[in-house]
2 protein chains.
Amino acid sequence: MIRIGIYGYGNLAKGVELAVNAASDMELVAIFTRRNPEAIKTNSVMVPAINTDYVMEWTDKIDVMIICGGSATDLPRQTPELAKYFNVVDSFDTHAKIPEHFENVNQTAMVSGKVAVISVGWDPGMFSVNRMYSSAVLPNGKDYTFWGKGVSQGHSDAIRRIPGVLDAKQYTIPVESALEAVRSGKTPELTTREKHIRECFVVAEEGADSAKIENEIVTMPNYFADYDTTVHFITEEEMKSEHSGIPHGGFVIRSGKTGSNGEHQHIIEYSLKLDSNPEFTASVLTAYARAAWRLYEKGEKGCMTAFDIAPKYLSEKSSAELIRTML
Amino acid sequence: MIRIGIYGYGNLAKGVELAVNAASDMELVAIFTRRNPEAIKTNSVMVPAINTDYVMEWTDKIDVMIICGGSATDLPRQTPELAKYFNVVDSFDTHAKIPEHFENVNQTAMVSGKVAVISVGWDPGMFSVNRMYSSAVLPNGKDYTFWGKGVSQGHSDAIRRIPGVLDAKQYTIPVESALEAVRSGKTPELTTREKHIRECFVVAEEGADSAKIENEIVTMPNYFADYDTTVHFITEEEMKSEHSGIPHGGFVIRSGKTGSNGEHQHIIEYSLKLDSNPEFTASVLTAYARAAWRLYEKGEKGCMTAFDIAPKYLSEKSSAELIRTML
């Protein structure tokens, strides 16, 4: 049994907890929280909740620590620090800062001799793996990533900060005509804005000026001004009943050519339709925690991404069974 | 430069030739054929065509041999034999016999210390990789593979053997309603027959009894009898102008659940739409030839499948560049 620790206890961690408890080769041994452990109620009654101050007492009781902090401020600090003592996995997703995060984590993991797998979720993560395979197989081509339909937390928060707004949820939705153009083998140049529309559901305070709120949303720089944005005002009840989920998903499409004159077109498409963004991300993290342990046992060390890890390490199944049932 | 040999010179090999010549880190050094080399005309004027009898003279001049034989009788013999002297890659695709092929190839490759990568095309190959990742990430789920729309060579040949038939092409087409049911999150039990229809284009001899031919097709056991099969009679000219390509493709869909009561549904879908089945398969083979060489240089040996190989080894790009541009 691979002994798993969970570091942080938010939505993502709760998904990891479910995935680890469902795996027959893993055992959840502790959940670490910065809060008062007595105040949190986990879904695993037999597993202790421990304050992060005491994490060093667990170095020989945990095989892999799954770090469930946020990418903005938690992970850049937590992952390099915890990699000094544990094999770790994170879902760091600030794309532009991944090279820097990789270096920081690699430095401590190379010294400690531990394996640290970073940026494994769905984007970065499964989307990255698909971008990579597809571009290696079809080097003469172009790839496209579309996100959605799904909830963008940052954009929802931006709306919530507008005076008069009680609650808000923003969905990012791929532009169907752009998707179709790419699938048809055209290789248009598309900006993120041309690929996505933004749909907002807003609960306004009683008596608030909804026209003014709508105008503030659609003209908000960076977030909405350059997008095709629609705003719907709804009741608190509707928000609760219709928009309480955290769905997400998207598409990675590679359009490439082969032939002596590029006369043959090939389209590779990978898509996700997820009811729960955090639970799916957690499932990816958990599979890579298994890989981290196996690679550590093989004598590997240092920082790795999904690109460095052979698919077989993610599965509970033996190589022989994988070949028999999935190849 | 990775020095590549091509063994066999049919459609697949011609695709490999194009892919290797397009790769900036590979050099095609020889093409081996069982035919008289003088009689074959390759697309690479500077590359010698050599009779397979002389392959042993090339053991120190070729880094990876890409074997382009057929799965029925060529590869079971060629791959274990050539793995005694070369790093090799093949696209062996008889799913049921892969475990046996793996064992045979592994035995000779372990002795020679060479790397042998088998069954890398799109199914098995890229489809297998996607089945594997998806099932590791969503262990509580079910996967589905649909083939098409594409040309089935075996079924086309079966029609051609009917008296009165001059030429024939059979397309395997996924049943749209079955695809939609799976995508919607239903997890129906579907046989291959319930997932696919068969569409046949037939050129009949002048004066042939087309009703009789059609009846022979649709009632043919194993091939057509249990499928929804349609038959179109066309002219030789139509066959040439409309059906000369070798397109193929398909879908791998994983439908899985997470949540404390499986309340969240997730759909992972991977699809291929290929203008040229052999050229795409060749592109996959070529990327895995790169991987075979790199793994050999790292000191690895023995038989491997796509499950054993980290994605990064397939790409011309460095790890740093992959992280920066694709993660």
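Residues numbered from 1 in each chain as written. Chains lettered and ligands numbered in written order. Predicted model: local features only at pLDDT ≥ 70, side-chain atom pairs only at ≥ 80, totals over all residues. Heavy atoms only, no water.

1. Observations regarding the overall build of chain A
Item 1. Counting its regular elements, chain A contains 11 helices and 14 strands.
Item 2. For 327 residues, the compact-globule estimate of 2.2 N^0.38 gives 20 Å, and the C-alpha radius of gyration of chain A, at 22 Å, lies within 12% of that figure.
Item 3. In terms of principal-axis extent, the alpha carbons of chain A reach across some 65 × 60 × 35 Å.
Item 4. If you take every contact in chain A between residues at least 6 apart in sequence, the share linking residues at least 24 apart comes to 68%. (Helix = DSSP H or I, 4+ residues; strand = E, 2+ residues; numbered from the N terminus. Rg over C-alpha atoms; globule rule 2.2 N^0.38 Å. Contact = heavy atoms within 4.5 Å.)

2. Remarks on the interface of chain A and chain B
Item 1. With 58 residues of chain A at the interface, the matching set in chain B holds 58 residues.
Item 2. Taken together, chain A and chain B are joined by 2 salt bridges.
Item 3. One salt bridge connects lysine 312 of chain A with aspartate 308 of chain B, and the closest N-O pair in it is separated by 3.0 Å.
Item 4. Elements represented by at least two residues in the side of chain A that touches chain B include exactly α3 (98-112), α4 (126-137), β13 (264-274), α10 (277-297) and α11 (319-326) of chain A.
Item 5. When residues in the side of chain A that touches chain B are grouped by element, the largest group, 11 residues, is from β13 of chain A.
Item 6. Taken together, the residues that form the side of chain A that touches chain B break down as 31 nonpolar, 17 polar and 10 charged. (Salt bridge = Lys/Arg side-chain N within 4 Å of Asp/Glu carboxyl O. Nonpolar A, V, L, I, M, F, W, Y, C, P; charged D, E, K, R; others polar.)

3. Remarks on unusual backbone geometry
Residue and element names in this part refer to chain A.
Item 1. With an omega dihedral of 0 degrees, the bond running from glycine 148 to lysine 149 counts as a cis peptide bond.
Item 2. Notably, serine 119 is not glycine yet its phi reads approximately 60 degrees, a positive angle.
Item 3. Mapping serine 119 onto the fold places it in the loop between β6 (115-117) and α4.
Item 4. With a phi close to 65 degrees, asparagine 222 is a non-glycine residue in the positive phi region.
Item 5. By secondary structure assignment, the location of asparagine 222 is in the loop between α8 (210-218) and β11 (228-233).

4. Overview of the environment of glycine 8 of chain A
Residues and elements named next belong to chain A.
Item 1. Relative to the helices and strands, glycine 8 is located in the loop between β1 (2-7) and α1 (11-22).
Item 2. Along the chain, glycine 8 and alanine 225 lie 217 residues apart, while their C-alpha atoms are 35 Å from each other.
Item 3. Those residues within four positions of glycine 8 in sequence are excluded, and the remaining contacts are Ala13, Phe32 and Cys68.

5. With respect to the sheet that holds strand β6 (residues 115-117) of chain B
All names here are of chain B.
Item 1. Pairing in this open sheet of 7 strands is parallel, and the strands run β3-β2-β1-β4-β5-β6-β14 from one edge to the other. Where the open sheet ends on each side, the last strands, each with one partner, are β3 (49-51) and β14 (302-304). Looking at each pair of strands side by side, their axes are set apart by 25 degrees on average, direction ignored.
Item 2. The pairing of strand β2 (residues 26-33) with β3 spans 3 bridges and is classified as parallel. (Pairing = 2+ DSSP bridges. Axes fitted to C-alpha atoms, helices over the stretch in contact; angles between N-to-C directions.)

6. Quick look at the confidence of the model for chain A
Item 1. On average, chain A scores 96 in pLDDT, and the residues at 70 or more come to 100%.
Item 2. Here the predicted complex scores 0.96 on pTM and 0.96 on ipTM. (pLDDT = per-residue confidence, 0-100.)

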